[in-house]
Amino acid sequence: MFTENLTQILFSNWQRTLQPFGVDEVAADKAFNQLVTAYSSSDRHYHTLKHIYRVLTTIEILQGYTNNLTAVQFAAWFHDVVYDTQAEDNEQKSADYALELLSSLGISESTIASVTNLILNTKEHQAGVDDFDSQVLLDADLAIFASSPVDYTEYVYAIRKEYDWVPKAEYIAGRRQVLERFLKRSHIYFTPLMLEFAEPFARSNIQEEIKSLASGYDF
């Protein structure tokens with residue numbers, strides 16, 4: 001998908017999400033351009049506009065499980081807007097960014113509160129049994145785990161590029177720890193659809209990556 005076409009698709013999506021709030025067109029355009037700039041920085045290889053597109057597309061598939069679809073969509077837009085691989089407060093800063101920008105657009109306080117809470121839940125990727133909106137957002141964010149082997153390999157390389165400042169041995173150890181933590185869960189996904197159809201593929205992909213890491217795979 002060409003970047004120009006992707007941007008156009010995302011802009012239409014952004015406009016649809018804002019439409020019920022009667023946001024000023026100029027302000028909406030300016031906000032969208034800010035998001036595009038943030039997700040297009042040169043140090044991003046996976047957490048890009050393509051990732052946002054994939055998350056939003058998966059949310060559309062899972063929208064029947066949501067209580068507040070608009071909040072989930074907004075959260076998708078902002079959940080990685082601040083992304084520094086050497087920082088530990090990206091989620092908080094992304095939530096703060098969302099609060100400021102959505103407030104400037106006149107979005108209701110209740111919606112913004114839901115959005116910021118959803119973003120903060122992406123830090124640990126855990127959701128309560130009744131927190132259906134977080135479940136959908138988290139499943140969409142981690143949908144890449146269940147992608148085709150080709151797409152998963154592309155994802156693996158992109159993540160490594162974002163952490164290219166980390167020495168190989170240290171990266172392998174850290175990455176294995178993260179992946180093994182997901183495998184130890186009783187389930188990676190929360191929504192019934194993802195749990196039934198995506199879970200087996202996700203576990204298979206993760207297991208294969210761990211094998212590659214264990215063999216000292218040279219990224």
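Our subject is the structure listed above.
For clarity, every value in this text was computed on a predicted model and none was experimentally measured.

Caption draft 1: Spotlight on the overall build of the chain. Scanning the chain from N- to C-terminus turns up 11 helices and zero strands. From first element to last, N terminus to C terminus, the chain shows the α and β order α-α-α-α-α-α-α-α-α-α-α. For the chain, the spread of C-alpha atoms along the three principal axes comes to 55 × 35 × 30 Å. Across the 219 residues in the chain, those meeting the buried criterion constitute 46%. Across the chain, contacts joining residues at least 24 apart in sequence account for 68% of those joining residues at least 6 apart. When the accessible surface of the chain is split by element, carbon and sulfur atoms take 52% of a total near 11300 Å². Positive and negative side-chain charges of the chain, numbering 17 and 31 respectively, have mean locations separated by a distance of 8 Å.

Caption draft 2: Examining the pattern of salt bridges more closely. In this structure the tally under the stated criterion is seven salt bridges. In this structure, Arg203 engages Glu199 in a salt bridge whose closest nitrogen and oxygen atoms are separated by 2.9 Å. Residue Arg203 and its partner Glu199 are located together in helix α11 (residues 199–214), separated by four residues, close to a single helical turn. Exposure class is identical for Arg203 and Glu199. Each is buried. Two residues, Glu208 and Lys211, come together in a salt bridge whose shortest N-O distance is 3.4 Å. Taken together, the positions of Glu208 and Lys211, both in helix α11 and three residues apart, correspond to about one turn of that helix.

Caption draft 3: Layout of helix α9 (residues 168–183). Here α9 is 16 residues long and its end C-alpha atoms lie 22 Å apart, about the 22 Å a rise of 1.5 Å per residue gives. Those residues of α9 that sit buried are Tyr171, Ile172, Arg175, Leu179 and Phe182. With its buried residues spanning 95° around the axis, α9 presents them on a single face. The exposed residues of α9 that point more than 90 degrees off its buried face are Ala169 and Glu170. Those residues of α9 that are buried lie in contact with α8 (149–162) and α11.

Caption draft 4: Local environment of unusual backbone geometry. Phi angles above zero are rare outside glycine, and His125 is one such case at about 55°. Topologically, His125 is positioned in the loop between α6 (109–120) and α7 (132–141). Under the relative-accessibility criterion, His125 is labelled buried at 13%.

Caption draft 5: Structural view of the environment of Pro192. Structurally, Pro192 is set in helix α10 (residues 192–197). Pro192 sits 94 residues away from Ala98 along the chain, and the two C-alpha atoms are 29 Å apart.

Scoring rules and cut-offs
- Residues numbered from 1 in each chain as written.
- Predicted model: local features only at pLDDT ≥ 70, side-chain atom pairs only at ≥ 80, totals over all residues.
- Heavy atoms only, no water.
- Helix = DSSP H or I, 4+ residues; strand = E, 2+ residues; numbered from the N terminus.
- Buried < 20%, exposed > 50% of the residue type's maximum accessible area, 1.4 Å probe, protein only.
- Contact = heavy atoms within 4.5 Å.
- Areas by Shrake-Rupley, 256 points an atom, 1.4 Å probe, with all protein chains shown as cover.
- Lys, Arg positive; Asp, Glu negative; His and termini not counted.
- Charge placed at Lys NZ, Arg CZ, Asp CG, Glu CD.
- Salt bridge = Lys/Arg side-chain N within 4 Å of Asp/Glu carboxyl O.
- Expected span 1.5 Å × (residues − 1).
- Arc of directions from axis to C-beta.

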